[in-house]
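# Close look at the chain arrangement
Residues per chain, in single letters:
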Amino acid sequence: MTFLYKADPVRGAVWAERFARKMPALPFRTWPDVGDPHAVRYLAAWEPPADLANRFPNLEVLFSTGAGTDQFDLSAIPATVAVVRMVEPGIVGGMVEYVTLAVLSIHRDWRTYLDQQRAGHWQPHRVYPAAARRVGVLGLGVLGRAVLASLRGLGFDCAGWSRSPQQIDGVDCHAGPEGLPHFLARTDILVCLLPLTDDTRGILCRRLFDRLPQGATVINVGRGGHLVQRDLLQALDTGQVGQAILDVCEPEPLPRGDPLWTHPRVVLTPHVASMTQPETAADAVIDNLRRHWEGLPMSGLVDRSLGY
Ligand code: NDP
Ligand code: OXD
């Protein structure tokens, strides 16, 4: 029985050390040192090999090394293999920092002051309390909830939207397509923290932008596939969307010459909102393996019928 790791080898060395210390009975191998393919029961990967089913016929669990699993072709993974996304405190901490920074930068007019500085212009603007800003988070999963806890702590007026109805203290929760219009109408700063699925691809489109209050900000930290880029550019041109902060795009890297690179009201970061931390990720997978062996549900188990 082998655990195979196929991702960044430098981080893999940290995983190997953690496994050797905390789960010494389970042989840990790093790609391409696969050993006997029949012995591979557990695979941690961002991009699994294409011929997964034939290559590792006894595979039981495929762990994503990231929170998303949209990079997997679920139809090519045998139904007997459990697919598990990464739930670990390092990813959560990074996302909370990034979204809090992004929301605060909008709330406190950071771009305006940078522009004014370059123009040598000393001009204070009114400072509003956080409670005057209505933030809405699409996706109330592990990351959406953590982000909302941080924003609520700062006093923002918070709402959230999910597929199934959720309840979160101090957050105005909405669910399903019927809950979306009301959620959007009360959202000045929109944060996308949805998984990319057939249902959510292209959700950040003209129809959605038109339902936001004029001049709203869009922060996309989900996936580039959530955004219809030409609709965003149009909404920025008309002023329907005031600013956008984009950590993800499609494709990545964003091609040279793409208008988003130079748009004055777009802030672009290269998919760095959050990163899996190898120490805590290895510990989370070790915990999950123990749960699996005890017959308990693993944290982050993907429901294939929903795609997340
Ligand atoms: P979770 O699976 O924990 O949460 C997903 C949330 O989205 C749930 O609340 C779910 O609703 C909701 N949702 C899914 N489909 C729909 C739908 N059709 N309509 C409405 N709501 C829907 O995911 P995480 O919070 O762990 O991660 C979210 C995403 O963040 C990842 O999939 C990844 O794409 C992205 N990410 C980006 C990173 C970056 O660096 N930019 C880093 C890490 C993650 P319900 O509660 O009803 O199930
Ligand atoms: C992830 C990511 O899904 O980094 O973890 O985007």
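In what follows, the structure referred to is the one given above.
As a starting point, this report considers the structure included with it.

## Details of helix H9 (residues 278–293)
The end-to-end C-alpha distance of H9 is 22 Å, a good match for the 22 Å that 16 residues give at a rise of 1.5 Å each. Considered for burial, the residues of H9 that qualify are Pro 278, Ala 281, Ala 282, Asp 283, Ala 284, Val 285, Ile 286, Asn 288 and Leu 289. In this structure, the buried side of H9 is in contact with strand E1 (2–6), helix H1 (9–22), strand E3 (40–45), strand E4 (61–64) and strand E5 (82–84). Immediately downstream of H9, the backbone of Gly 295 shows phi near 80°, a positive value.

## A closer look at the environment of His 38
As for its placement among the helices and strands, His 38 is situated in the loop between strand E2 (28–30) and E3. In this structure, the C-alpha to C-alpha distance between His 38 and Thr 2, residues 36 residues apart in sequence, is 9.0 Å. With residues up to four places along the chain from it excluded, the contact list for His 38 reads Pro 57 and Asn 58.

## Quick look at the pairing of E3
The side chains of a regular strand alternate between the sheet's two faces. In terms of burial, E3 is largely enclosed, as five of its six residues are buried. Looking at chain direction, E1 and E3 are connected through five bridges and run parallel. Each bridged residue has a counterpart across the sheet, and for Tyr 5 the counterpart in E3 is Ala 44. Bridging between E3 and E4 involves four bridges; their strand directions are parallel. Along E4, the bridge assignment pairs Ala 45 with Ser 64.

## Focus: unusual backbone geometry
Omega for the bond connecting Trp 31 with Pro 32 falls within 30 degrees of zero, at 10°, which places this linkage in the cis form. Residue Glu 252 is joined to Pro 253 through a cis peptide bond whose omega torsion reads -5°. Position of Pro 253 relative to the elements: it lies in the loop between strand E11 (241–246) and strand E12 (266–268). Phi angles above zero are rare outside glycine, and His 271 is one such case at about 55°. By the element assignment, His 271 lies in the loop between E12 and H9.

About the criteria used
Residues numbered from 1 in each chain as written. Chains lettered and ligands numbered in written order. Predicted model: local features only at pLDDT ≥ 70, side-chain atom pairs only at ≥ 80, totals over all residues. Heavy atoms only, no water. Helix = DSSP H or I, 4+ residues; strand = E, 2+ residues; numbered from the N terminus. Expected span 1.5 Å × (residues − 1). Buried < 20%, exposed > 50% of the residue type's maximum accessible area, 1.4 Å probe, protein only. Contact = heavy atoms within 4.5 Å. Pairing = 2+ DSSP bridges.

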